[in-house]
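Structural overview for review
What follows is each chain in one-letter form.
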Amino acid sequence: MARIGHIERKTKETEILLSLTLDGTGKSEIKTGIGFFNHMLEGFARHGFFDLTLTVNGDLEVDAHHTVEDTGIVLGSAIKEAVGDKIGIKRYGSFILPMDDALCLCAVDLCGRPYLGYECHFSTERAGALDTELVREFFYAVSYSAGMNIHIKMLSGENTHHMIEAMFKAFAKALDEATGMDARIENVLSTKGSLA
């Protein structure tokens, strides 16, 4: 059975249509109105082997905050929908990803409980048209809407572009591992018998 999350969300600030296939090939078609954000989400799809289609119409005349945060909410909701009952998944995933000067650690737990641990400081306020402070807002929104722990720690880095890109790719690799299936797992990987 295909593991797909399909979410539509419309508010006064954003209108979002997103489709995520966990067991994909890395294909993406992404239009958020923010070029750098598109690039990051394309890297997320490619390196996690997720198929991702996303269209966002947001109030960019205000700023990018609503577009980025609401995209995180919708992506997290799609992840939650796609993993379903979580039977047989590995649950945990982690990856340390190098990108030139940047080295990023990301670890995730699809436990049903939201939490974001985030350790990163950027030397610039923007990367392209994306405010760097919105990177944390994006991952916070994903963690809470998906009901998952996400820990991101920038171990080293100087170039803001490299650092953010390393984050998105490390998150993709960790999530790909966590959503992977393991035939040894009966029901869900929890002593409680539940990952809700």
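Residues numbered from 1 in each chain as written. Predicted model: local features only at pLDDT ≥ 70, side-chain atom pairs only at ≥ 80, totals over all residues. Heavy atoms only, no water.

1. Focus: the packing of aromatic side chains
Rules: The aromatic pairing rule takes the rings of Phe, Tyr and Trp, using the six-membered ring of Trp, and pairs them if the centres are within 6.5 Å, calling planes under 30 degrees apart stacked, those over 60 edge-to-face and the rest tilted. Three labels apply to residues, based on accessible area from a 1.4 Å probe with only protein chains included: buried if under 20% of the type maximum, exposed if over 50%, partly exposed otherwise in between. Numbering of helices and strands runs from the N terminus, with a helix taken as a DSSP run of H or I at least four residues long and a strand as a DSSP run of E at least two residues long.
Considering all chains together, one arrives at eight aromatic pairs under this definition. Between F44 and F50, the aromatic rings sit 5.1 Å apart at their centres with planes inclined by 35°, giving tilted as the arrangement. Grouping residues by exposure puts F44 and F50 together as buried. The interplanar angle of 55° and the centroid separation of 5.1 Å between the aromatic rings of F139 and F168 together place this pair among those described as tilted. Note that F139 is positioned in helix α3 (residues 133-146) and F168 in helix α4 (residues 160-178), a separation of 29 residues in sequence.

2. Overview of the sheet that holds strand β6 (residues 102-109)
How we decide: By definition, two strands form a pair when at least two bridges between them are found by DSSP. A fitted line through C-alpha atoms serves as each axis, taken over the contacting stretch for helices, and the angle formed by two N-to-C directions is quoted from 0 to 180°. We call two residues in contact whenever any of their non-hydrogen atoms come within 4.5 Å of each other.
The mixed open sheet is built from four strands, whose spatial order is β5-β6-β10-β7. Strand pairing shows two members of the sheet lacking a second neighbour, β5 (92-99) and β7 (115-119), which therefore form its edges. For this sheet, the mean angle separating the axes of adjacent strands, direction not counted, is 10°. Note that β5 and β6 share eight bridges and pair antiparallel. Residue pairing for β6: Y92 is matched across the bridge by D109. Across the sheet, α3 is in contact with β7 and β10 (149-156); its angle to β7 comes to roughly 155°.

3. Concerning the nonpolar core
Threshold: Side-chain atoms within 4.5 Å are what join buried Ala, Val, Leu, Ile, Met, Phe, Trp, Tyr and Cys residues into a set we call a nonpolar core.
One finds M167, F168 and F171 to be the most contacted residues of the largest nonpolar core, which totals 60 residues. Considering each element in turn, this core owes the most residues, eleven residues, to α4. Excluding its chain neighbours within four sequence positions, the residues that come into contact with F168 are F37, M40, L41, F44, V135, F138 and F139.

4. Let's talk about the side chain of R3
Heads up, the condition is: Pairing of N or O atoms within 3.5 Å defines a polar contact, subject to two protein rules: one partner must be a possible hydrogen donor and the other a possible acceptor, and residues neighboring in sequence count only if both atoms are side-chain atoms.
The topology assignment puts R3 in the segment before β1 (4-10). In this structure the side chain of R3 is engaged in a polar contact, spanning 2.8 Å, whose partner is the side chain of D23. Among residues more than four places away in sequence, those in contact with R3 are L20, T21, L22, D23, A82, I89, T179 and M181.

5. Considering α4
Our working rule: Take the number of residues in a helix, subtract one, and multiply by 1.5 Å to get its expected span.
Compared with the 27 Å implied by 1.5 Å per residue over 19 residues, the 27 Å span of α4 between its first and last C-alpha is a close match. Of all 19 residues in α4, 15 are buried, a share of seventy percent or more. Near the N-terminus of α4, the side chain that reaches the backbone nitrogen of H161, with its oxygen 3.0 Å away, is that of N159.

6. Quick look at the sheet that holds strand β2 (residues 14-21)
Sheet architecture is open: four strands sit in the order β1-β2-β4-β3, paired in mixed fashion. In the strand order of this sheet, the two ends are held by β1 and β3 (28-31), each with one partner. Here the average twist between neighbouring strands, direction ignored, is 5°. Bridging between β2 and strand β4 (residues 51-58) involves eight bridges; their strand directions are antiparallel. In the sheet register, L17 faces β4, and the bridge partner there is T55. Each of β3 and β4 touches helix α1 (residues 35-48); the most contacted strand, β3, lies at about 160° to it. This element, helix α2 (residues 65-83), spans β1, β2 and β4 of the sheet and lies at about 145° to β1.

These values are about where atoms sit, not about what they do.
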